[in-house]
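The lines below spell out each chain.
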There are 2 protein chains.
Amino acid sequence: MNELQNNSIVIDCLQYANWSPKIFKQMHEGGVDCIHVTIAYHENFRETILNLEKWNSYFLNYPDLIVHAHSVADIIKAQHENKTAIIFGFQNPSPIEDDIGLVEIWKKLGIKFMQLTYNNQSLLATGCYENNDTGITRMGKEVIKEMNRVGMVIDMSHSSEISTLEAIEFSSRPISITHANPEFWHPAKRNKSNTILKKLSKNGGMIGFSLYPHHLKNGSNCELNDFCKMIADTVDMIGIECIGIGSDLCQDQPDNVVEWMRNGRWTKEKDFGEGTSENPGFPDQPNWFKNNTDFKNIKTGLNDYGFSEEEIKDIMGRNWLNFFKKSF
Amino acid sequence: MNELQNNSIVIDCLQYANWSPKIFKQMHEGGVDCIHVTIAYHENFRETILNLEKWNSYFLNYPDLIVHAHSVADIIKAQHENKTAIIFGFQNPSPIEDDIGLVEIWKKLGIKFMQLTYNNQSLLATGCYENNDTGITRMGKEVIKEMNRVGMVIDMSHSSEISTLEAIEFSSRPISITHANPEFWHPAKRNKSNTILKKLSKNGGMIGFSLYPHHLKNGSNCELNDFCKMIADTVDMIGIECIGIGSDLCQDQPDNVVEWMRNGRWTKEKDFGEGTSENPGFPDQPNWFKNNTDFKNIKTGLNDYGFSEEEIKDIMGRNWLNFFKKSF
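Remember, predicted model here, so these are calculated numbers, not experimental data.

Caption draft 1: Up close: the interface of chain B and chain A. Facing 11 residues of chain B, the contacting portion of chain A comprises 11 residues. Of all the secondary structure elements, the ones that give two or more residues to the side of chain B that touches chain A are helix H2 (45-61) and helix H4 (101-108) of chain B. In terms of residues, the side of chain B that touches chain A owes the most to one element, H2 of chain B, which gives 6 residues. When grouped by side-chain class, the residues that make up the side of chain B that touches chain A number 5 nonpolar, 2 polar and 4 charged.

In structure tokens:
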């Protein structure tokens, strides 16, 4: 039970779907062994507990399809039992409110990842949509130490340049960018500079490539071959061992969810984030990645592009698993 | 590591001290292997999380003396490492508020016991100080099922007659009365009827004998021999396998704590509970049981009364350990 099946595993290091038995079955059908799911964007402590309760009811109701994983051993066990291992994360530090003691509480409840910001300035760091990037705050430095101590992974997917570079520097453990792409391929506030990618990889960190159209060259019309070329170019720059997938798939979500992601409770004027007033909703997924059954398309694309079988295994999940071994 | 040292263990199934390194050292000195500590009386969910955070800092600061135990294996490991295993419980269901989903959340955070009431009517059952005993409520029945499912022990120490009898009946697992004495020995609202004791033991439940003076014959002047005779008389009635110690020790607490225990946020007029307006504070402990170094006195008392060595081991902790094996 300590061994991977075929020395291979499929891990998606970020999704926020409108969860349903249909989607759980698609994970199974698509051979997705482990998914990092977001359980908080703007929720405070008590509200996030309610989200956890919802997941407890999913685990209770669909025990043949999904299981809550606390460790790498749990993930491997799930693979052997033909279930998808679910690991939890936050896209914002709102669930710890102003209370550092909540980091350990959340760790005990199985939270594996926490972003220090979600687009805006937080109590900990600066988000990628702010004009002024003041880096990691006083509380941010303390929370990084505490996350390092308890074994919760720092995620800077939605953070600004300086804050991300400082997080890499201040953290005694490798950090993650669970879902974003390189800026050199598609300039977007959410995509990452070469400086960040190089420093991240040098320090043992990981980036998960996003399939969210606003992060893709040509958006919804992005071609699979272009996505695979971007992966190849990134590998050329920073090596293969620090890359994986973090699809940012938001399957079946109604448009009011993306509106809430962008606006939370922080603004009275509507913010359109990566969208526009003409296109305020979720963008269409590329036709080759619409749901959890489409991971095979990425594998095929990587193979067609010329990646070796072992390299494809690394990208599709083995690198994330190795990172989890060091991090949890 | 699966075996008890000398096939013997000391477990106190309830304390609420004003925790300090002094007390942690006394536990160690007194050879107390495991203590069930109360972490909530009237606190709501968020407030109880703060209490848990306080305990996390104790575990961090005194790792040589105490350790949080989640299982019987953890308790036995602690004994081998010469530490006191701490298990958590609530004396009131206030930490689950009106939300049954919080039972599983608390279970994951290591809560092993929950009282369905603390003296007053709760959302779940009737407390021992109410005039009208309406038994287990609709929500109470659902929470009993959920506690049974996740493995959290029902504690009826502060509950009324009918509610306690119904809890025993409705629960599919044995329940506990962690800290109380028999009414036949000392009539008090908090002590338990023969009917309860017989039904409790018949269903595999446990009672922990209290050393809190208001539960003792002659209060602070109770004699050790009288306490041991009470134990012998209880054994004669219900057998030895369902009894243990639940001292209710509130060492070093200032009197405003007992005032808060009694009044919480539910009354504007002061309630004196088991005390009186002339004696509103904590009563003095009997001189033979003042702190965690005094468990040896109980052992001596039981021996002098005529209990065998094996019977003393059962009473001092082995029975609780067997109950934990079935219950956690």
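Picking up where we left off.
Caption draft 2: Molecular detail of the nonpolar core. By size, the foremost hydrophobic cluster in this structure holds 169 residues, and its most contacted members are Cys34, Ile154, Ala167 and Ile207 of chain A together with Ile154, Ala167 and Ile207 of chain B. Among all residues touching Cys34 of chain A, those that are not within four sequence positions of it are Ile9, Ile11, Ala69, Ile75, Thr84, Ala85 and Ile87 of chain A.

Caption draft 3: Summary view of the pairing of strand E1 (residues 11-15) of chain A. Residue and element names in this part refer to chain A. In terms of burial, E1 is largely enclosed, as 5 of its 5 residues are buried. Relative to strand E2 (residues 34-40), E1 runs parallel, the two sharing 3 bridges. For Gln15, the partnering residue across the bridge sits in E2 and is Val37. Regarding topology, helix H1 (residues 21-29) serves as the crossover connection from E1 to the parallel E2, and that connection is right-handed.

Caption draft 4: How the structure looks around unusual backbone geometry. Residues and elements named next belong to chain A. In this structure, Asn7 takes a positive phi of about 55° despite not being glycine. Here Asn7 is to be found in the segment before E1. Taking the C-beta count within 10 Å as the criterion, Asn7 has 9 such neighbours and is therefore assigned exposed. Residues other than glycine seldom take positive phi values, yet Asn218 does so here, at roughly 70°. Within the secondary structure layout, Asn218 lies in the loop between strand E8 (206-209) and helix H8 (224-238).

Caption draft 5: A look at the relation of the copies chain B and chain A. Superposition record for chain B on chain A: RMSD 0.0 Å, screw rotation 180°, translation along axis 0.0 Å. Each copy turns onto its partner about a two-fold axis. Taking C-alpha positions as reference, the residue of chain B nearest the rotation axis is Leu109 of chain B, located at 3.4 Å. Interface overlap between copies: 100% of the residues of chain B at the interface are likewise at the interface in chain A, consistent with a symmetric, same-surface contact.

Caption draft 6: Layout of the environment of Thr84 of chain B. All names here are of chain B. Inspection of the secondary structure puts Thr84 in strand E4 (residues 84-90). Measuring from C-alpha to C-alpha, the distance between Thr84 and Phe227 comes to 25 Å, with 143 residues separating the pair along the chain. Apart from residues no more than four positions distant in its own chain, Thr84 is found in contact with Met27, His28, Val32, Asp33, Cys34, Ile35, Leu65, Ile66 and Ala78.

Caption draft 7: Geometry of the pairing of strand E5 (residues 111-115) of chain B. Residue and element names in this part refer to chain B. Of all 5 residues making up E5, 5 are buried, and the element is well covered by its neighbours. Where E4 meets E5, 3 bridges bridge the pair, whose relative direction is parallel. In the sheet register, Gly89 faces E5, and the bridge partner there is Phe113. With respect to chirality, the unit in which E5 leads through helix H5 (residues 138-150) into the neighbouring parallel strand E6 (residues 153-155) is right-handed.

Caption draft 8: View of the packing of H8 of chain A against helix H10 (residues 295-305) of chain A. Residues and elements named next belong to chain A. Where H8 contacts H10, the axes come no closer than 9 Å and their chain directions differ by 65°. For the element pair H8 / H10, the angle class is roughly perpendicular. Handedness of the crossing formed by H8 with H10: right-handed. Side by side, H8 and H10 meet where Leu224, Asn225, Phe227, Cys228, Lys229 and Ala232 of the first sit next to Asn297, Gly301, Leu302 and Tyr305 of the second.

Caption draft 9: Fine view of the environment of Pro63 of chain B. Structurally, Pro63 of chain B is set in the loop between H2 and strand E3 (66-68). Pro63 of chain B sits 31 residues away from Val32 of chain B along the chain, and the two C-alpha atoms are 16 Å apart.

Caption draft 10: Region of interest: the packing of helix H4 (residues 101-108) of chain A against helix H5 (residues 138-150) of chain A. All names here are of chain A. Axis separation between H4 and H5 bottoms out at 9 Å; the angle between their running directions is 30°. In terms of orientation, H4 lies roughly parallel with respect to H5. As for the relative orientation of H4 and H5, their crossing is right-handed in sense. Residues Val103, Glu104 and Lys107 of H4 touch H5, and the partners they reach there are Val143, Glu146, Met147 and Val150. Looking at the contact of H4 with H5 residue by residue, the classes come out as 4 nonpolar, no polar and 3 charged.

Conventions used here
- Residues numbered from 1 in each chain as written.
- Chains lettered and ligands numbered in written order.
- Predicted model: local features only at pLDDT ≥ 70, side-chain atom pairs only at ≥ 80, totals over all residues.
- Contact = placed C-beta atoms within 7 Å.
- Helix = DSSP H or I, 4+ residues; strand = E, 2+ residues; numbered from the N terminus.
- Nonpolar A, V, L, I, M, F, W, Y, C, P; charged D, E, K, R; others polar.
- Core = buried A, V, L, I, M, F, W, Y, C linked by C-beta atoms within 7 Å.
- Buried ≥ 20, exposed ≤ 12 C-beta atoms within 10 Å, placed from the backbone.
- Pairing = 2+ DSSP bridges.
- Right-handed = clockwise from strand over helix to strand, strands pointing away.
- Least-squares fit on C-alpha atoms with pLDDT ≥ 70 in both.
- Axes fitted to C-alpha atoms, helices over the stretch in contact; angles between N-to-C directions.
- Parallel < 35°, antiparallel > 145°, perpendicular 65-115°, else oblique.
- Left-handed = near helix turned anticlockwise from the far one by under 90°.

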